[in-house]
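What follows is each chain in one-letter form.
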Amino acid sequence: MGTPGNVRQLPLPGRGQRLGASAGSAARPRRARDACGTPGPGQGRPWALPRRRRHAARPAAALGVLQIPLRALDRAPPPPRAQARGAIRTRAGFVAPRRRRRTIRYVPEKCKDKIISDEDVLETLLKIFKALFINDFGRQMDFFALLPEVKSKYLELLTIQFKRSKTTGYNHQSQNIFNPEEVLFNTLGFSITRDRSSLISAGTGVFVTKGFVPKGTVVSMYPGTVYQKYEPIFFQSIGNPFIFRCIDGVLIDGNDKGISKAVYRSCSKRDQIGPFQMSDITWLTPVVQNPLAVGQYVNNCSHNKAANVCYQEFDVPEYFPIELKQYLPNITYSHDIPIPLRCVVLVSLREIKQGEELFSNYYTIVN
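Let us look at the structure shown here. Within every chain, residues take consecutive numbers counted from 1 along the sequence as written. The predicted origin of the model limits local features to residues at a pLDDT of at least 70 and limits the giving and counting of side-chain atom pairs to 80 or more, whereas totals for whole chains, interfaces and linings rest on all residues. Working from all heavy atoms in the structure, the side-chain values ignore hydrogens and water.

1. Points about unusual backbone geometry
Then comes step 1: In the Ramachandran plot, Ser201 falls in the positive-phi region, its phi being about 60 degrees despite a non-glycine side chain.
Then comes step 2: By secondary structure assignment, the location of Ser201 is in the loop between β7 (190–196) and β8 (204–211). Only runs of H or I of at least four residues qualify as helices and only runs of E of at least two qualify as strands under DSSP, and these elements are numbered from the N terminus.

2. Some details on the packing of helix α2 (residues 118–135) against helix α6 (residues 180–188)
Then comes step 1: Angles here are taken between N-to-C directions and fall from 0 to 180 degrees, while the axes themselves are lines fitted to C-alpha atoms, restricted in helices to the stretch in contact. Relative orientation of the contacting elements α2 and α6 amounts to 130 degrees, with a least axis distance of 10 Å. The orientation of α2 with respect to α6, classified from their angle, is oblique. The chirality of how α2 crosses α6 is right-handed. Residues Thr124, Lys127, Ile128, Ala131, Leu132 and Asn135 of α2 form the contact with α6, whose own contacting residues are Pro180, Val183, Leu184, Thr187 and Leu188.
Then comes step 2: Its residues assigned to classes, the contact of α2 with α6 comprises seven nonpolar, three polar and one charged. Roughly parallel here means an angle under 35 degrees, roughly antiparallel means over 145, roughly perpendicular means 65 to 115, and every remaining angle is called oblique. Working rule for handedness: look at the near helix, and if it is turned counterclockwise from the far one by less than a right angle, call the crossing left-handed; if clockwise, right-handed. Here, residues are in contact when the closest pair of their heavy atoms is within 4.5 Å. Gly is put with the polar residues, along with every residue not named as nonpolar or charged; the nonpolar set is Ala, Val, Leu, Ile, Met, Phe, Trp, Tyr, Cys and Pro, and the charged set is Asp, Glu, Lys and Arg.

3. Structural notes on the environment of Glu318
Then comes step 1: Structurally, Glu318 can be placed in the loop between β14 (309–316) and β15 (330–332).
Then comes step 2: For Glu318, a relative accessible area of 81% gives the class exposed.
Then comes step 3: Separated by 22 residues in sequence, Glu318 and Pro340 have C-alpha atoms that sit 7.0 Å apart. Under the scheme applied here, a residue whose accessible area is under 20% of the maximum for its type counts as buried, over 50% as exposed, and between as partly exposed, the area being computed with a 1.4 Å probe on protein chains only.

4. Thoughts on the layout of surface pockets
Rolled over the atoms, a probe sized like a water molecule indicates the empty space that remains.
Then comes step 1: Space inside the second largest pocket adds up to approximately 510 Å³.
Then comes step 2: Both cavities and pockets are sets of points on a 1 Å grid over the protein atoms alone; in a cavity a 1.4 Å probe fits but cannot get out, in a pocket the set is open with protein on both sides within 12 Å along at least five of seven lines, and lining residues sit with an atom within 4 Å of a point. If you trace the second largest pocket, you find 19 residues lining it, with Lys325, Thr332, Ile339, Pro340 and Leu341 closest to the centre.
Then comes step 3: Considering every element that reaches the lining of the second largest pocket, the biggest residue donor is β15, with three residues.
Then comes step 4: Its residues assigned to classes, the lining of the second largest pocket comprises eleven nonpolar, five polar and three charged. Grid points are joined across faces, edges and corners, and a volume is the space filled by probe spheres set on the points.

5. Side note on the sheet that holds β14
Then comes step 1: Pairing between two strands is assigned when DSSP locates at least 2 bridges connecting them. In space, the three strands of this open sheet follow the order β9-β16-β14, with antiparallel pairing throughout. Here the strands that pair on one side only, and so sit at the sheet edges, are β9 (218–222) and β14. Sheet twist, expressed as the average angle between the axes of neighbouring strands with direction ignored, equals 35 degrees.
Then comes step 2: Where β14 meets strand β16 (residues 341–348), eight bridges bridge the pair, whose relative direction is antiparallel. When the sheet's bridge partners are listed, Gln312 is paired in β16 with Val345.
Then comes step 3: Docked against the sheet, α2 engages β9, β14 and β16, running at close to 85 degrees with respect to β14.

These values are about where atoms sit, not about what they do.
Laid out in structure tokens, this is it:
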């Protein structure tokens, strides 16, 4: 009688042989016991496997082999789950079809997915990045020395800052005039920070700590390494809840720990041009340089907490100022093929007041 091709055959122990002993090794004798449980004198017999009731079909016992299947080939694959049609954007890189309707954002057409235009997103980013650049001009001397045109562009703003520093007795070589949160408030009228979420067991969340967020405003950015669909991300994705999947399949790893952190730092060093940083790495630390780069900690909405922000994809244009790229919290995994840098911003769906926590839809379906 033959055996299947996907089994490994191991010899079973024979009668009088211990399990795991070789065929030529001697079996240890075992003395028989009487009705009281006391071993009888001289009543010893070789140890044997316990006897069982014989059945008609015992092919393994008849062959004297132990069959261990290596692969479960005879199991039929489960039927595929029904998924919603159309393009899908997810926060964790997968689709959860069993989510209730309130936690999923439905968009009827792809052209209606964006709450505000790309021009408005670019204008907001340039506005806050220029304010951060001027506020941190003590570290920008390398730009001014190597790129005189950058200095001439910001000369008027720098003059205002120098006058303010003389009035307040500020030494511009030692520290900033304002911290990044204050720069965000002075520029856009609000500030955000990370804190313990109001949801039970949700961990860290993002709150509006000061000011007021109007509807249709860029309120945060999703930082991380940008992967194309064909680039490897397996090891980075193990146990990683911060992987964002765009509608076109592009992935953004927003984890600030472990191998994801090491990959981002390595790519940032690779793209550095002399003293010029092409991306922001401070979002990997507790003190961020770009106060918007905390979008990976925005929690998913619940039945009691409706979403007040949504994700919107944005490709950085080629003419983006080189001196402001140091505040972009994203970087491409591979730079072999020149493609626009993908960023994801969070846009407010309604007016958000001071003290409110930001909530988003982790699942967006564009049908």
